[in-house]
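Chain by chain, the residues:
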Amino acid sequence: MSDAPIETSDLRAVRQGKLRELKEAGTDPFRTNCRQSHTSAQALAAFCEEDEAGPAVAVAGRIVVLRLMGKAAFAKILDRDGQIQLYFKRDVVGEVAFDAFKKLDLGDHIGAEGTLFKTRTGEITVRVESYVLVSKALRPLPEKWHGLTDSEQIYRQRYLDLICNADARSRFVTRSRVVSCIRKFLDDREFLEVETPVLQADAGGAAARPFVTRSNALDCDFFLRIALELPLKRLLVGGFDRVYELGRIFRNEGLSRRHNPEFTMLEVYQSYSDYRGMMELVRGMFEAICREVLGTTRIRRHDGEEIELGGEWREVRYKDLVVEATSDADWFARSREEMLAWCAASGIEAPADAEAFEIGNHVFEKRIEPRLIQPTFVTHLPKELVPLAKISDDDPTTVDVFELCINGQEIAPAYSEQNDPEVQREVLLAQVGEEIQRLDEDFLLALEHGMPPAGGMGVGIDRLIILLTGVPAIRDVILFPSLRPDHREPESAK
């Protein structure tokens with residue numbers, strides 16, 4: 001007999017044969033429901049060493065381990081909480097049921113009822129008295145339960161990754177808990193969660209290339225939103241003093257370890273506050289998330305360095321960082337040519353036609369930001385970089401903003417929001433000319449009705465989860481990241 005591995009298509013054919021046999025025998029292999037009194041974790045917690053007879057439980061899940069031993073068998077099933085072991089004995093479940101059990105496959109879903117006991121090896125186990133097949137798997141799980149090793153398959157078939165990889169399941173549970181914690185934190189502070197349109201007539205609130213789509217009913221083009229900002233500010237004008245939105249953003253730009261065309265943002269706006277009010281808000285929010293979700297405010301990096309998210313955070317001006325990085329106190333008085341020459345000599349790529357503020361930002365992004373590991377508020381950025389913020393009183397070339405950088409990347413920007421409609425129009429007109437975007441006249445009209453002073457902040461949820469879970473790339477924290485379509489017939493893992 002050949003030792004060559006069986007092709008996936010052959011394994012699928014075997015399972016389809018079993019499916020036909022089940023149906024011909026009058027068994028429904030795809031039931032509508034299944035009784036479940038305990039999850040795996042709840043069942044394990046219910047066991048008590050002092051009890052003579054363990055409690056009765058009804059559990060359900062996917063078979064991930066299967067060991068047949070003559071007149072007995074062990075299996076492990078996986079549910080949302082993890083795994084639990086099942087023990088089957090022919091003279092307990094009955095000969096017919098036991099023979100049917102031996103025909104089950106890894107990946108099948110079953111429900112089982114019985115009592116808990118502890119094996120000689122010390123594992124809490126369900127002594128099965130009855131079971132039922134509730135869903136037949138027609139394709140095999142990844143070979144030998146080693147999980148997926150091909151990154152492309154991990155992202156395309158995330159469901160297999162979640163079945164095989166406990167770390168992946170835990171990571172996305174963490175993501176969900178972080179989002180829930182954010183909502184609770186803001187709700188407790190009387191912020192109102194709102195929803196604003198994904199389809200917008202004007203792509204505004206950021207400098208980014210939008211996706212364009214068409215409304216047949218309205219016979220016009222719309223843009224998928226590139227930011228949440230402008231609709232939320234309209235609500236400040238309308239009298240909602242504290243608003244936030246957790247929403248999907250779409251930018252028709254590149255993919256990288258930190259960028260996905262579709263990502264999740266939190267934007268928060270608070271009337272009668274400013275960027276310093278946002279400092280207090282984000283520091284309190286991150287500490288609350290860490291304590292509630294992680295149980296600690298310390299996060300360990302891959303190199304062993306710890307990041308402390310509790311307590312006070314460093315605050316430093318943008319210009320001071322650039323001056324320090326360039327060792328040039330007169331950097332911001334230099335000509336474009338001098339700045340470009342310094343960048344070339346320092347191995348920093350900057351376009352030859354870049355403006356002075358853009359060159360300085362190349363220095364910041366490539367030389368400074370990657371070294372900001374501990375939480376750092378970088379404040380007072382050049383006004384050209386943040387056209388929707390208030391000009392600083394002590395330096396008309398900068399704006400009252402911060403970029404919160406942690407672990408070498410920006411996590412959260414925040415502004416003292418510009419509420420002077422004439423100043424805002426002037427800045428947006430300049431941006432429109434540079435970026436070839438349309439001016440959002442309705443937003444400016446709203447400002448003319450009077451927007452209170454406000455602080456506004458954005459938090460990149462995906463980057464926050466990267467920070468909290470320690471994974472290397474944004475695709476690892478998005479359940480279904482953007483991929484080029486694969487039109488081949490899908491293959492299950494071998």
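Look up a bit, the structure's there.
Treat the numbers as computed from the prediction; the structure is a model and nothing was measured.

**Thoughts on a negative patch on the surface**
Side chains of Asp353, Glu355, Glu358 and Glu384 sit close together on the surface and give a patch of like negative charge. For Glu355, the position within the fold is in the loop between helix H11 (336-346) and helix H12 (356-368).

**Some remarks on the pattern of salt bridges**
Considering all chains together, one arrives at 34 salt bridges under this definition. The partner of Asp99 in a salt bridge is Arg90, and the shortest N-O contact between them spans 3.5 Å. Given the relative accessible area of 29%, Asp99 is considered partly exposed. Residue Glu229 is joined to Lys233 by a salt bridge in which the shortest nitrogen-to-oxygen separation is 2.8 Å. You can see Glu229 and its partner Lys233 sitting in helix H8 (residues 229-237), four residues apart, about one turn around the helix. Residue class for Glu229 comes out buried when judged on its relative accessible area of 5%. Via salt bridges that share partners, Lys18, Asp105, Asp108 and Lys136 belong to a single interconnected network.

**Re the nonpolar core**
If you look at the biggest cluster of nonpolar residues, it comprises 45 residues, and the most contacted ones within it are Leu186, Leu266, Phe286, Ile289, Phe402 and Met457. Every element with two or more residues in this core is listed here: helix H7 (166-188), strand S10 (242-250), strand S11 (262-271), helix H9 (275-294), strand S16 (401-406), strand S17 (409-416), strand S18 (454-460) and helix H15 (461-469). Once residues lying within four places of it in the same chain are set aside, the contact partners of Leu186 are Phe191, Tyr244, Leu266, Val268, Leu281 and Met285. Judged by nonpolar contacts, the second largest core, of 41 residues, contains Met265, Leu388, Val399 and Val401.

**Structural notes on the environment of Glu292**
Relative to the elements of secondary structure, Glu292 occurs in helix H9. The class of Glu292 is partly exposed, set by a relative accessible area of 45%. Measuring from C-alpha to C-alpha, the distance between Glu292 and Ser273 comes to 27 Å, with 19 residues separating the pair along the chain. If near-sequence neighbours (up to four positions away) are discounted, Glu292 is found in contact with Arg177 and Cys181.

**Brief notes about unusual backbone geometry**
Its identity is not glycine, yet Tyr272 carries a phi of approximately 65°, on the positive side. You can see Tyr272 is positioned in the loop between S11 and H9. Not every positive phi belongs to a glycine, and Ser327 is a case in point at roughly 55°. Relative to the helices and strands, Ser327 is located in the loop between helix H10 (318-326) and H11. The exposure class assigned to Ser327 is exposed, which follows from its relative accessible area of 68%.

**Re the pairing of S17**
Counted residue by residue, S17 has six buried out of eight residues, so it is predominantly covered. By the bridge criterion, six bridges tie S16 to S17 in an arrangement that is antiparallel. Bridging across to S17, Ile406 finds its partner in Gln409. Connecting S16 to the antiparallel partner S17 that follows it, the hairpin turn spans two residues, and Asn407 within it adopts a positive phi of roughly 60°. For S17 and S18, the ladder comprises three bridges, and the chain directions are antiparallel. Opposite Ser416, over in S18, you have Gly455 as the bridge partner.

**Considering the sheet that holds S17**
A sheet is described by the order of its strands in space; here eight strands give the open sequence S6-S10-S11-S18-S17-S16-S15-S14, paired in mixed fashion. At either margin of the open sheet sits one strand with a lone partner, and together these are strand S6 (192-193) and strand S14 (314-317). Sheet strands in contact with H8 are S10, S11, S17 and S18, and its direction is about 20° off that of S11.

**Some words on the packing of aromatic side chains**
Scanning the model with the defined rule gives 10 aromatic pairs in all. On the basis of an interplanar angle of 40° and a centroid distance of 5.2 Å, the ring pair of Tyr318 and Phe364 is categorised as tilted. Remark: Phe364 occurs in helix H12 and Tyr318 occurs in helix H10; sequence separation between them is 46 residues. When sorted by exposure, Tyr318 lands in the same class as Phe364, which is buried. One cation-aromatic arrangement involves Arg242 over Phe191; the distance from NZ or CZ to the ring centre is 5.5 Å.

**Notes on the sheet that holds strand S4 (residues 109-118)**
A barrel is described by the order of its strands in space; here five strands give the closed sequence S1-S2-S3-S5-S4, paired in mixed fashion. For this sheet the average axis-to-axis angle between neighbouring strands, irrespective of direction, equals 55°. As defined by bridge partners, strand S2 (residues 72-79) adjoins strand S3 (residues 82-89) across eight bridges and the pair is classed as antiparallel. Across the sheet, the residue bridging to Lys76 is Gln85, located in S3.

Parameters at a glance
Within any chain, residue numbers begin from 1 and follow the written order of that chain's sequence. Totals for whole chains, interfaces and linings use every residue, but because this is a predicted model, local features are given only for residues with pLDDT of at least 70 and side-chain atom pairs only at 80 or more, for both listing and counting. Neither water nor hydrogens contribute to the side-chain values; these are computed over all heavy atoms in the structure. Each patch is built from salt-bridge-free residues with over 30% relative accessible area, joining like charges within 9 Å and nonpolar side chains (Val, Leu, Ile, Met, Phe, Trp, Tyr) within 5 Å. For the accessible areas, the method is Shrake-Rupley and the probe is 1.4 Å, while residue cover comes only from the protein chains on display. Salt bridge, as used here: a side-chain nitrogen of Lys or Arg that lies within 4 Å of a carboxyl oxygen of Asp or Glu. For the charge count, each Lys or Arg is scored as positive and each Asp or Glu as negative, with His and the chain ends excluded. Charge coordinates come from a single atom per side chain, which is NZ of Lys, CZ of Arg, CG of Asp or CD of Glu. Put simply, DSSP H or I for four residues or longer makes a helix, DSSP E for two residues or longer makes a strand, and each gets a number counted from the N terminus. Note on classification: 1.4 Å probe, protein chains only; a residue is buried when its accessible area is under 20% of the maximum for its type, exposed when over 50%, partly exposed between these limits. Residues belong to one nonpolar core when they are buried, are Ala, Val, Leu, Ile, Met, Phe, Trp, Tyr or Cys, and are joined through side-chain atoms within 4.5 Å. Contacts are residue-level and defined by heavy atoms, with any inter-residue pair within 4.5 Å sufficient. Paired strands, in this sense, are two strands between which DSSP finds at least two bridges. For helices, the fitted axis covers only the stretch in contact; all axes are lines through C-alpha atoms, and the angles between them, taken along N-to-C directions, range from 0 to 180 degrees. When the centres of two rings from Phe, Tyr and Trp lie within 6.5 Å, Trp using its six-membered ring, the rings pair. Their planes under 30 degrees apart give stacked, over 60 give edge-to-face, and anything left gives tilted. Whether a charge lies above a ring is judged from NZ of Lys or CZ of Arg, which has to be within 6 Å of the ring centre and within 35 degrees of the ring normal.

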